[in-house]
Amino acid sequence: MTTIIGIEGTYGAVIGCDLQASDGMSGRKYNMNASKLRTLSPGVVVGVAGDLRAVQHLSRFESMVRDVGIEKSKDLSRHEIMCEQILPVWKNYLRTISKKPSAIGLFGVYGQLFEVGASFDVAGCTSGVLGVGTGGDIAVGAVMALLSGKKKGKISCRETTSIATKSLEIAHTFDLYTGKQIDFKWSSILGDTVRERV
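Residues numbered from 1 in each chain as written. Predicted model: local features only at pLDDT ≥ 70, side-chain atom pairs only at ≥ 80, totals over all residues. Heavy atoms only, no water.

Colleague: Where do I start with the packing of aromatic side chains in this structure?
Modeller: Pairs of aromatic rings are described using the distance from one ring centre to the other and the angle between the two planes. All told, the structure shown has 5 aromatic pairs when counted by the stated rule. Aromatic pair Phe61 and Phe107: ring centres 6.4 Å apart, planes at 80°, arrangement edge-to-face. Of this pair, Phe61 sits in helix 2 (residues 58-68) while Phe107 sits in strand 7 (residues 104-109), and the two are 46 residues apart along the sequence. Summarising the burial analysis for this pair, Phe61 and Phe107 share the class buried. Chaining the aromatic ring pairs together yields one cluster made of Phe61, Trp90, Tyr93 and Phe107. In this structure, Lys72 is placed above the aromatic ring of Tyr110, and the distance from its NZ or CZ to the ring centre is 4.6 Å. (Phe/Tyr/Trp six-rings, centres within 6.5 Å; stacked < 30°, edge-to-face > 60°. Helix = DSSP H or I, 4+ residues; strand = E, 2+ residues; numbered from the N terminus. Buried < 20%, exposed > 50% of the residue type's maximum accessible area, 1.4 Å probe, protein only. Lys NZ or Arg CZ within 6 Å of the ring centre and 35° of its normal.)

As structure tokens, then:
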């Protein structure tokens, strides 16, 4: 249980999350110093919610992706990169940690956001904002209010990070399972990655 928010901007997408983890079975909360975000390759970022085991072993997924490699090609759309290169590794990873995976992944692939649920369906983003986890809907609502009047994709890296920070603070106020400490990663259209911790 967590909150992860993604916002698409001018030159890429920012993905932010809280650093608290909780066990869905017991509701027990843990303070995490390790983030639920990982950079899989330059420009490709993942945030994981929903299954504590998936978060605890996220470095294994990172390593599996590194072994296979993600190839940015002019012939492949970002959606095709997500479905053909990243999704098969995500399925294998989740099946190695659980017979019934319940993790949800929020991916930034060269600046475009995708959500992959427990059924492994890939959902794209039409509004420029995606949120997952127990406080995901709260964070998305906050982002939409903060973005009112702005055009999709016309937001700077600094502004997307600021809006994501405010939305996660609001989610923390209203969602018991969203922690106060926040972490961010940037998925750039060009393939470079910026990380900021608040």
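Colleague: Is there a simple way to explain helix 3 (residues 78-97) in this structure?
Modeller: For helix 3, which comprises 20 residues, the first-to-last C-alpha distance of 27 Å matches the rise-based estimate of 28 Å (1.5 Å per residue) to within 8%. Taking the largest bend as the criterion, helix 3 deviates by roughly 45°, centred on Ile86, and proline Pro88 comes between one and four positions later. (Expected span 1.5 Å × (residues − 1). Bend = angle between axes of the 7 residues up to and from the residue.)

Colleague: Explain the pairing of strand 7 here, please?
Modeller: Regular strands place side chains that alternate from one sheet face to the opposite one. Extensive coverage of strand 7 is indicated by the burial of 5 of its 6 residues. Two elements, strand 7 and strand 8 (residues 112-116), share 5 bridges in a ladder whose sense is antiparallel. Considered in strand 8, the bridge of Leu106 is made with Glu115. Where strand 7 folds back on strand 8, the antiparallel hairpin that results is connected by 2 residues, among which Tyr110 adopts a positive phi of roughly 50°. (Pairing = 2+ DSSP bridges.)

Colleague: Any chance you could explain unusual backbone geometry here in plain terms?
Modeller: Leaving glycine aside, a negative phi is the common case for residues, and trans is the common case for peptide bonds. Although it is not a glycine, Tyr110 sits at a positive phi angle of roughly 50°. Along the chain, the position of Tyr110 falls in the loop between strand 7 and strand 8. Judged by relative accessible area, Tyr110 falls into the buried class, the value being 4%. Residues other than glycine seldom take positive phi values, yet Phe120 does so here, at roughly 70°. Examined against the element boundaries, Phe120 turns out to sit in the loop between strand 8 and strand 9 (122-123).

Colleague: I'm lost on the nonpolar core in this one. Help?
Modeller: Nonpolar side chains tend toward joint burial in soluble globular proteins. Formed by 26 residues in total, the largest nonpolar core has its most connected members in Phe61, Ile86, Trp90 and Phe107. Of all the secondary structure elements, the ones that give two or more residues to this core are strand 6 (44-49), helix 1 (52-56), helix 2, helix 3, strand 7 and strand 8. Sort the elements by how many residues they give to this core and helix 3 lands first, with 9 residues. The next biggest cluster of nonpolar side chains, apart from the first, holds 15 residues, and it includes Ile5, Ile163, Leu168 and Ile182. (Core = buried A, V, L, I, M, F, W, Y, C linked by side-chain atoms within 4.5 Å.)

Colleague: I would appreciate a short explanation of the environment of Glu115 in the present structure.
Modeller: Looking at the secondary structure, you find Glu115 in strand 8. Considering only alpha carbons, one finds Glu115 and Val48, 67 residues apart in sequence, at a separation of 10.0 Å.

Colleague: Looking at this structure, I do not really get the pattern of salt bridges. What am I missing?
Modeller: Should the charged atoms of two oppositely charged side chains come close, the side chains can pair. Following the criterion strictly, the structure yields 3 salt bridges and no others. Residue Asp18 pairs with Lys36 through a salt bridge whose shortest N-O separation is 3.4 Å. A residue pair is termed long-range when its members are at least 10 positions apart, and Asp18 in strand 2 (residues 12-18) and Lys36 in the loop between strand 4 (29-31) and strand 5 (37-41) qualify at 18 residues. Residue Asp18 shares its accessibility class with Lys36, and that shared class is buried. Notably, a salt bridge pairs Arg38 with Glu62, separated by 3.3 Å at the nearest N-O pair. One end of the pair, Arg38, is in strand 5; the other, Glu62, is in helix 2, and 24 residues separate them in sequence. On the basis of relative accessible area, Arg38 is assigned to the buried category, the value being 17%. (Salt bridge = Lys/Arg side-chain N within 4 Å of Asp/Glu carboxyl O.)

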